[in-house]
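Structural characterization, general
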Amino acid sequence: GDKKQLSVRILSYGGDIDNMAIIAGSEPTPWLYDDRLRMVGVKLYLDGALGSRGAWLKAPYSDAPGQKGLPLLTPAQLRNKMVRASMDKFQVAIHAIGDAANAEALSAIADLTRDLPGERRWRIEHAQIVDPLDIPKFAELKVIASMQPVHQTSDRLMTEARLGPDRLKGAYAWRSMEKAGVRLAFGSDVPVESANPFPGIAAAISRTDASGQPVGGWRPEETVTRETALDGFTRTAAYAAFAEDRLGTLMPGMRADFVMLESDPLLASPDEIRKMTPLETWIGGYRYYKKGGTGG
């Protein structure tokens, strides 16, 4: 029946300003299809990836002297796009991986924040390598750090090669962010990684990969608690897209989106969490999946 018209909830961001305007029009769309779809903002790319040495760093790559990556937007372009989106009430999410890109995103936000009306909820996507001195600025400017814990485990060896030992302090620095008062939204970065959140929760609390390596965790001082990890994948993820009035928590008046699990992720080991699969999946109070069976 019509319950099956769209069985996921999609909060979308236009890829740059032109797509945002063509798809959504002059402002963010309303919630469509029984709260299943909404275009809330725009995503801007400020730099590339660490693997390709496209991430924009403050100092040269350890394994490529003289190269620092490069910004994909000039300071003026970045600010113009941010103003254009914000004036039309679109939320801005900036892809920034290197420490120079994160510093520039924060600097643009600082420049614009005073003059733009309303609550912006600026997002920095990935925030992978951040100069420790810049971490407090996320909190000061109320920037949401939208991070993907599985990147830490899949990129660990490459990150060490690219950055060398001295710049790892601000790498995937979840606990440092949290301690500084930054809101952490966690995600999977599908299709680069699997959409399964459980390996992400396990990585967030252990800093170990699927085979439990490295023993004790990589820079384990940056692990977060199970509560913070779950919050990042649920409540704060909804807040980070202006959806906390209907998604992200199980409370009266909210959409009943939840999974049933065999054991409690607040008590399970990272290894157990990594292997968890839902017994049932409910969306909007309707059962879409039952292990070994068909939907409700």
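Here goes a summary of the coordinates provided. (Residues numbered from 1 in each chain as written. Predicted model: local features only at pLDDT ≥ 70, side-chain atom pairs only at ≥ 80, totals over all residues. Heavy atoms only, no water.)

1. With respect to the sheet that holds strand β6 (residues 184-186)
Selection rule: Here, a strand pair is defined by DSSP locating no fewer than two bridges between the strands. Here a strand is any run of E in DSSP of at least two residues, a helix any run of H or I of at least four, and the numbering for each starts at the N terminus. Note on geometry: axes are lines fitted to C-alpha atoms, helical ones only across the stretch in contact, with angles between N-to-C directions running from 0 to 180 degrees.
Pairing is parallel in the open sheet, where six strands are placed in the order β1-β2-β3-β4-β5-β6. One side of each edge strand has no neighbouring strand; the edge strands of this open sheet are β1 (10-15) and β6. When strand polarity is set aside, the average angle formed by the axes of neighbouring strands in this sheet is 30 degrees.

2. Considerations on the pattern of salt bridges
Test applied: Salt bridges are defined as contacts in which a side-chain nitrogen from Lys or Arg sits within 4 Å of a carboxyl oxygen from Asp or Glu. Note on classification: 1.4 Å probe, protein chains only; a residue is buried when its accessible area is under 20% of the maximum for its type, exposed when over 50%, partly exposed between these limits.
The full count for this structure, using the stated rule, is 21 salt bridges. Residues D35 and R255 are paired through a salt bridge, measuring 2.6 Å at the closest nitrogen-oxygen approach. Taken together, the positions of D35 in the loop between α1 (16-24) and β2 (37-45) and R255 in the loop between α9 (235-239) and β7 (258-260) put the pair 220 residues apart, joining distant regions of the chain. In this structure D35 comes out as buried when scored by relative accessible area, which is 9%. Judged by relative accessible area, R255 falls into the partly exposed class, the value being 27%. A salt bridge links E104 to R79; the shortest N-O distance between them is 2.8 Å. Placement of the pair is E104 in helix α3 (residues 99-113) and R79 in helix α2 (residues 75-87), with a sequence separation of 25 residues.

3. Re the packing of aromatic side chains
The condition is simple: Only Phe, Tyr and Trp rings are paired, with Trp represented by its six-membered ring, and only when their centres lie within 6.5 Å; those with planes under 30 degrees apart are stacked, over 60 edge-to-face, the remainder tilted. Remark: a charge is flagged as sitting over a ring if the NZ atom of Lys or the CZ atom of Arg is within 6 Å of the ring centre and within 35 degrees of the ring normal.
Summed over all chains, the structure comprises five aromatic pairs. Centre to centre, the rings of Y172 and W218 are 6.1 Å apart; their planes meet at 70 degrees, and the pair counts as edge-to-face. With Y172 in the loop between α5 (149-163) and α6 (174-179) and W218 in the loop between α7 (197-206) and α8 (226-233), this pair connects stretches of sequence that are 46 residues apart. The class of Y172 is buried, set by a relative accessible area of 2%. Since its relative accessible area comes to 5%, W218 is described here as buried. On the basis of an interplanar angle of 75 degrees and a centroid distance of 6.2 Å, the ring pair of W174 and F186 is categorised as edge-to-face. Taken as a pair, W174 in helix α6 and F186 in strand β6 lie far apart in primary sequence, twelve residues in all. The pair W174 / F186 is uniform in exposure class, with both members buried. Aromatic rings pair up to connect W174, F186 and F233 into one cluster. Positioned above the aromatic ring of Y239, the side-chain terminus of R121 is 3.8 Å from the ring centre.

4. Concerning the environment of K142
One can find K142 in the loop between α4 (135-140) and β5 (144-147). We classify K142 as exposed; its relative accessible area is 68%. Each C-alpha atom of the pair K142 and E178 lies 12 Å from the other, and the pair is 36 residues apart in sequence.

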